[in-house]
Amino acid sequence: MNVRTLLAAAGRCVALVTAAALAVACSSPGPAATDAGAPELDREATLRIGLAGPPLTLDPAVLPTQGALPPTFLLYDRLTRLDDDLQVKPMLATAWRFAPDGSSLEFTLREGVRFHDGTPVDATAVKTTLERNKTLPGSTVAPLLDAVTSIDVVDPATVRLNLVPGRGAELPTVLAYAGGEIISPKAIADGRDLALAPGDAGSGPYVVSEFRPGEAITLTRAPGGYWDDDAAKPATVQIVYSAQGSTRLNALRAGQLDLVQLTGPDIKTGEKLAESGAFSIFKTEVLTPYSMFVHGSAPPFTDPRVRQAVSIAIDREAISRDLLGGDCTPRVQPYAPGHWAHADGLEDRLAFDPDRAKQLLAEAGVTDLRFRLAFTAGSTFESIAQAIQAQLAAVGVTVELTPLPSAAAMAGYRQGEHPAYLGSMPTDAEPAQLLQSTYFGGFSAAEGIRDQVVPIAARAADPTLSPEQRGELYRQIWTASAEQASVILLCASKQLWAYSPKVTGVDSMPWRWAGSIDARYLGVMR
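Residues numbered from 1 in each chain as written. Predicted model: local features only at pLDDT ≥ 70, side-chain atom pairs only at ≥ 80, totals over all residues. Heavy atoms only, no water.

**A short note on the state of the cysteines**
Following the criterion strictly, the structure yields one disulfide and no others. Each sulfur of the disulfide joining Cys328 and Cys491 lies 2.0 Å from the other. For the disulfide bridge between Cys328 and Cys491, the dihedral angle about the S-S bond is near 85 degrees, and by the sign convention the bridge is right-handed. Placement of Cys328 in strand E15 (residues 328–330) and of Cys491 in strand E19 (residues 487–499) is noted, with a sequence separation of 163 residues between them. The same class applies to Cys328 as to Cys491, namely buried. (Disulfide = S-S within 2.5 Å. Helix = DSSP H or I, 4+ residues; strand = E, 2+ residues; numbered from the N terminus. Buried < 20%, exposed > 50% of the residue type's maximum accessible area, 1.4 Å probe, protein only.)

**Remarks on the packing of aromatic side chains**
One pair of aromatic rings is described through two measures. These are the centre distance and the angle between the planes. By the definition in use, this model includes 16 aromatic pairs. Every member of this aromatic cluster is reached through a ring pair, and the members are Tyr335, Trp340, Tyr439, Tyr474 and Trp478. The cationic tip of Arg78 hangs over the ring face of Phe73; the distance from NZ or CZ to the ring centre is 3.9 Å. Directly above the ring of Phe443 sits Arg414, whose terminal nitrogen or CZ lies 4.6 Å from the centroid. (Phe/Tyr/Trp six-rings, centres within 6.5 Å; stacked < 30°, edge-to-face > 60°. Lys NZ or Arg CZ within 6 Å of the ring centre and 35° of its normal.)

**Focus: the environment of Gly118**
Considering the arrangement of structural elements, one finds Gly118 in the loop between strand E6 (104–109) and helix H4 (123–135). Owing to a relative accessible area of 35%, Gly118 belongs among the partly exposed residues under this scheme. Between the C-alpha atom of Gly118 and that of Thr269, which follows or precedes it by 151 residues, the distance is 47 Å.

**Section: the sheet that holds strand E8 (residues 158–163)**
Across a sheet, strands are paired by hydrogen bonds formed along the backbone, either parallel or antiparallel in direction. Judged by pairing direction, the sheet is antiparallel, and its four strands sit side by side in the order E5-E6-E8-E7 without closing on themselves. One side of each edge strand has no neighbouring strand; the edge strands of this open sheet are strand E5 (93–98) and strand E7 (148–155). Put simply, the sheet's adjacent strands are angled 20 degrees from each other on average, direction ignored. The pairing of E6 with E8 spans five bridges and is antiparallel. Its bridge partner lying in E8, Phe107 is registered against Val159. This element, H4, spans E6, E7 and E8 of the sheet and lies at about 170 degrees to E7. (Pairing = 2+ DSSP bridges. Axes fitted to C-alpha atoms, helices over the stretch in contact; angles between N-to-C directions. Contact = heavy atoms within 4.5 Å.)

**Re the packing of helix H7 (residues 245–253) against helix H8 (residues 266–274)**
At a minimum axis distance of 10 Å, the contact between H7 and H8 shows a crossing angle of 20 degrees. In terms of their interaxial angle, H7 and H8 are classed as roughly parallel. Here the hand of the crossing between H7 and H8 comes out right-handed. Residues Gly245, Ser246, Leu249 and Arg253 of H7 lie in contact with H8, whose contacting residues are Asp266, Thr269, Gly270 and Leu273. Broken down by class, the residue content of the contact of H7 with H8 amounts to two nonpolar, four polar and two charged. (Parallel < 35°, antiparallel > 145°, perpendicular 65-115°, else oblique. Left-handed = near helix turned anticlockwise from the far one by under 90°. Nonpolar A, V, L, I, M, F, W, Y, C, P; charged D, E, K, R; others polar.)

**Re the pairing of strand E12 (residues 259–263)**
If a strand is regular, its side chains alternate between the two faces of the sheet. In terms of residue burial, E12 counts as a mostly covered element, since five of its five residues are buried. Neither face of E12 is open: one carries Leu259, Gln261 and Thr263, the other Val260 and Leu262, and all of them are buried. Pairing geometry for E12 and E19, over five bridges, is antiparallel. When the sheet's bridge partners are listed, Thr263 is paired in E19 with Gln495.

**Let's talk about the side chain of Thr288**
Within the element layout of this structure, Thr288 appears in the loop between strand E13 (280–285) and strand E14 (290–294). For Thr288, a relative accessible area of 10% gives the class buried. Residues contacting Thr288, with those up to four places away along its chain left out, are Ser424, Met425, Pro426, Thr427, Ser493 and Ala514.

**Things to note about the pattern of salt bridges**
For the structure on display, the rule yields 30 salt bridges. The salt bridge partner of Asp190 is Lys186, with a shortest N-O separation of 3.0 Å. Residue classification places Lys186 among the partly exposed residues on the basis of a relative accessible area of 43%. Across the pair Asp200 and Arg192 runs a salt bridge whose closest N-O atoms are separated by 3.0 Å. Taking relative accessible area as the criterion, Arg192 reaches 25% and is therefore assigned partly exposed. Several salt bridges share partner residues, and in doing so they unite Asp77, Arg78, Asp518 and Arg520 into one network. (Salt bridge = Lys/Arg side-chain N within 4 Å of Asp/Glu carboxyl O.)

Okay, structure coming up:
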């Protein structure tokens, strides 16, 4: 079963509206209907989207999480893109190939594309952006590009990335993310404030007209046309952020938003309210499992038996059933069945077992385990944290709940202020990228097993290996991580997208599998 099949099984579009609106709400992006009386695309419309995770910056090189990608996806084009099967497809690059010995990766670029400042999107621009990504202080994408030793401009339409021997297999996928968002070299040279006011620095379908960090962003269709005729259907896109799903849902019901993201218990609320026919819904499973991150190199989690005891004392099925309406598939590894790096049978071997948890704690000599658990206040994670607190109390573990603002909870954990953090793992399509961004960096999810798995990860990054060979190596890593609970994955959540029946393309939004979206192909009917 491939990822497209999984998404098709998990996703459903329920349009409780008239027959004419049904065709609109569940259609894929494409030309507007031309039959007499059929709805038409409104090219002057404003599409208003409600999301959960607010970005504080628009600089692709320093985005903290995938939740910050929707605005920059509209501002910049990427070298590659990912389809629903997580396969790499062309965007700015029309073709790419590794050297037979894996020493380099060469991209052929789409011709005739320009940044909004008039500068050509060519090999020099790609080189400038990637070198900036590698060297900018605070770059969150630099670790994903450390296989690149140097970059050559072969000709205006060809750029070559020279690689560390045995490294770089992940790069075509990595460059479909923020690290592959290409910025005008003129804007970089001019010292443009890419974080707050990028202006015409991109070549994407939209430009920023207003940005209120942490609150909202308004983007307008870029002047001068765009190379992809299927993109930029609405004249304006507004993205409004709120941590509470109920707030986003109420704004949709009031006509203040056109498309909103719902998770956790808000899914059932959205499904129930959709029965009134006021809006349509589309549900899909995402590759961002709810997870409890722990510092495995610091007390109280230095002993793998303690981490494993905590993991198997958590009843994932009960959390999904009682708190999330069954809309969360229990998971102890990042990838679902069907992904080429999934380890079959791992969930069955590490099921809920409170008696074994007590035994492990006794073997570790731990009699009074207690720790603080940080999470975002007022979010879905609050009820999950409360459930974890009660379940761990049943095996003699005391959890001190620490609700904080989203940024403070995440930053505090990363800085070592909190021994544990409850959030979503930003699972990437490419395992090498996931390891770099989340296991070895960011959340340090491999902190307790780093010495064991780093050599395996290094072998798996060899571009001369087949996917089957790489997959076997990654399965070894997920097994080690799960058995030693270097990170405690809980369940793979589903998301519900609730939207006005006037909105088109929701069921085929790129990146919906990641809990994020690329809104460039959405439309609004008259």
